[in-house]
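Residue-level structure breakdown
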Amino acid sequence: VHRRDTSKESANLKECFRYLNMTSRSFAMVIQELNPELLVPVALFYLVLRGLDTIEDDMAIPLDKKTPMLRNFHETMEIDGWQFHGSKEKDAELLEHFDVVITELKQLKPQYYEIIKDLTLKMGNGMADYAADTDKIENGLQTVEDYELYCHYVAGLVGEGLTRLFVTSELANPKLAERPSLTESMGQFLQKTNIIRDIHEDWVDARRWYPKEIWSKHVDKWEDLFELSKREQALNCISEMVLDALKHAEECLFYMAGMRDQSCFNFVAIPQTMAIATLELIFRNPAILERNVKITKGDACQIMLESTQNLFTVCEVFRRYVRRIHKKNDPRDPNFLAISARCAKIEQFIETLYPKQ
Ligand code: PS7
Ligand code: MN
Ligand code: MN
Ligand code: MN
Ligand code: MN
Ligand code: MN
């Protein structure tokens, strides 16, 4: 793989990498080992979307101000010297110094710049469409269809942008661009895992991303999920969310087969294997209703080693965690049979990719 060559970087670009390391634990590492052709474009793509998400997440910006900010962000990212002050979000400092990102964006190859701008336009408008629904805890997403469209805007579109960057730079099979559903699954799988896991953190922030169509089958009121007396129902609700996320697993493995560069493979594989391990960790785990739950450092290290080899070793990680989910599945869960069948399907799919000798 590659290592960032800081000797050729301007002070301004170094500053961008400082924000990257400040705003992301997991992505910063894999981005900085990317093929030099895509290192800076992907880092800047990340920072632009992190800036946009900081606005989306900021509950202190009133809706009538937030909506146009989201819709216009693709133009804002072109204004020399633009900064935003006054946010109290965790990544506010990035917006306070956003001019350094803008300066670097203008030095990108035009084909990369256009991809970033196009996806920022689409994501900002998608976030704005949902801003009213997610602004108050009483609102929230209704149907599974709403939930998936939201995940499309905030993660499926990241996938589209990354796939276009990989294909344009010839670091991925051009056929990937003709299979948008594979790309979409990559984003959906990550975003759904994030939403399922963050249930408690989001509740504390008075936000909710679980669709009512699912949670209302298990409890009458959203707050009931956090009641000790309703633990069983809450675990069954989380199970149903995990079942829904697992439907993307096969397409994710298929997508990763299209990578033609080891650094791009690692970059796309690590988040996916961390996601399947996270799904296993949170499956039937009541702790997620009380605090933030994360995979251990040791497990993360092991997964990282296995995800930086090849598709076979990545499939082994998926197989291992899917088997554990299968084993933890509880016969009293109303989705017991569906979960069991889903796990068997994924195990079977891996078996057909790599038959045992
Ligand atoms: C450009 C690398 C690889 C085909 C900032 C990577 C928030 C889960 O909301 O920070 O704080 O809980 O924990 C990343 C597909 C997106 C989807 C999305 C941009 C994979 C702004 C990541 C990341 C597509 C919207 C981070 C989706 O979670 O969120 C680049 C292929 C940003 C990917 C958000 C979430 C990402 C996310 P939160 P987190
Ligand atoms: Mn957000
Ligand atoms: Mn966020
Ligand atoms: Mn500062
Ligand atoms: Mn989250
Ligand atoms: Mn997060």
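On a predicted model such as this, the values are computed, not experimentally measured, just so you know.

This part covers the coordination of the manganese ion (ligand 2). Each protein donor to the manganese ion (ligand 2) is listed here as Asp 53 (OD), Glu 56 (OE) and Asp 57 (OD); together their distances run 2.1 to 2.2 Å. Sequence spacing of the donors to the manganese ion (ligand 2): D-x2-E-D. Overall, the relative accessible area of 3% leaves Glu 56 in the buried class.

A few words now on the packing of aromatic side chains. Evaluated as defined, the whole model comprises 15 aromatic pairs. An angle of 65 degrees between the planes, with centres 5.4 Å apart, marks the rings of Tyr 210 and Trp 222 as edge-to-face. Taken together, the residues Tyr 210 in the loop between helix H11 (199-204) and helix H12 (212-215) and Trp 222 in the loop between H12 and helix H13 (231-246) connect sequence positions 12 residues apart. Here Tyr 210 falls in the buried class, since its relative accessible area comes to 1%. Both rings, one in Trp 215 and one in Trp 222, keep their centres 5.8 Å apart while their planes meet at 65 degrees; by these two values the pair is edge-to-face. The exposure class of Trp 215 is buried, given its relative accessible area of 3%. On the basis of relative accessibility, which here comes to 3%, the residue Trp 222 falls in the buried class. Grouping aromatic residues by their ring pairs yields a cluster made of Trp 203, Tyr 210, Trp 215, Trp 222 and Phe 226. The ring of Phe 17 carries the charged tip of Arg 4 above its face, separated from the ring centre by 3.9 Å. One cation-aromatic arrangement involves Arg 18 over Tyr 19; the distance from NZ or CZ to the ring centre is 5.1 Å.

A word on the pattern of salt bridges. Within the structure shown, the criterion is met by 35 salt bridges. Across the pair Arg 71 and Asp 129 runs a salt bridge whose closest N-O atoms are separated by 3.0 Å. With Arg 71 in helix H4 (residues 63-71) and Asp 129 in helix H8 (residues 110-135), this pair connects stretches of sequence that are 58 residues apart. Using a relative accessible area of 43% as the deciding quantity, one classes Asp 129 as partly exposed. Note that Asp 330 is salt-bridged to Arg 332, the shortest N-O span being 3.0 Å. One network of salt bridges, in which partners are shared, links Arg 50, Asp 53, Lys 90 and Asp 91.

Over its 21 residues, helix H15 (residues 262-282) runs 30 Å from end to end, which matches the ideal 30 Å to within 8%, given 1.5 Å per residue. A bend of about 25 degrees at Ala 269 is the largest found in H15, and the proline Pro 271 appears one to four places after it. Here H15 lies mainly inside the structure; 19 of its 21 residues are buried. With its phi angle positive at about 60 degrees, Arg 284 sits one or two positions after the end of H15.

Around ligand 1 sit 20 residues, and of these Arg 50, Val 154, Gln 191, Asn 194 and Asp 198 come closest. In the environment of ligand 1, an oxygen atom lies 2.9 Å from a nitrogen or oxygen atom belonging to the side chain of Asn 194. One nitrogen or oxygen atom from the side chain of Asp 198 is found 3.3 Å from an oxygen atom belonging to ligand 1. Contact with the protein chains hides 91% of the accessible area of ligand 1, taken as 860 Å² for the molecule alone. Elements with a minimum of two residues in the shell around ligand 1: helix H3 (36-57), helix H9 (144-168), helix H10 (180-197) and H15. Among the elements that line the shell around ligand 1, the one with the most residues is H9, at six residues. In the shell around ligand 1, the residues fall into 13 nonpolar, four polar and three charged.

Criteria and cut-off values
- Residues numbered from 1 in each chain as written.
- Chains lettered and ligands numbered in written order.
- Predicted model: local features only at pLDDT ≥ 70, side-chain atom pairs only at ≥ 80, totals over all residues.
- Heavy atoms only, no water.
- Donors = N, O, S within 2.8 Å, 3.2 Å for Na, K, Ca; no water.
- Buried < 20%, exposed > 50% of the residue type's maximum accessible area, 1.4 Å probe, protein only.
- Phe/Tyr/Trp six-rings, centres within 6.5 Å; stacked < 30°, edge-to-face > 60°.
- Helix = DSSP H or I, 4+ residues; strand = E, 2+ residues; numbered from the N terminus.
- Lys NZ or Arg CZ within 6 Å of the ring centre and 35° of its normal.
- Salt bridge = Lys/Arg side-chain N within 4 Å of Asp/Glu carboxyl O.
- Expected span 1.5 Å × (residues − 1).
- Bend = angle between axes of the 7 residues up to and from the residue.
- Near = heavy atom within 4 Å.
- Polar contact = N/O pair within 3.5 Å; in protein donor to acceptor, adjacent residues only side chain to side chain.
- Areas by Shrake-Rupley, 256 points an atom, 1.4 Å probe, with all protein chains shown as cover.
- Nonpolar A, V, L, I, M, F, W, Y, C, P; charged D, E, K, R; others polar.

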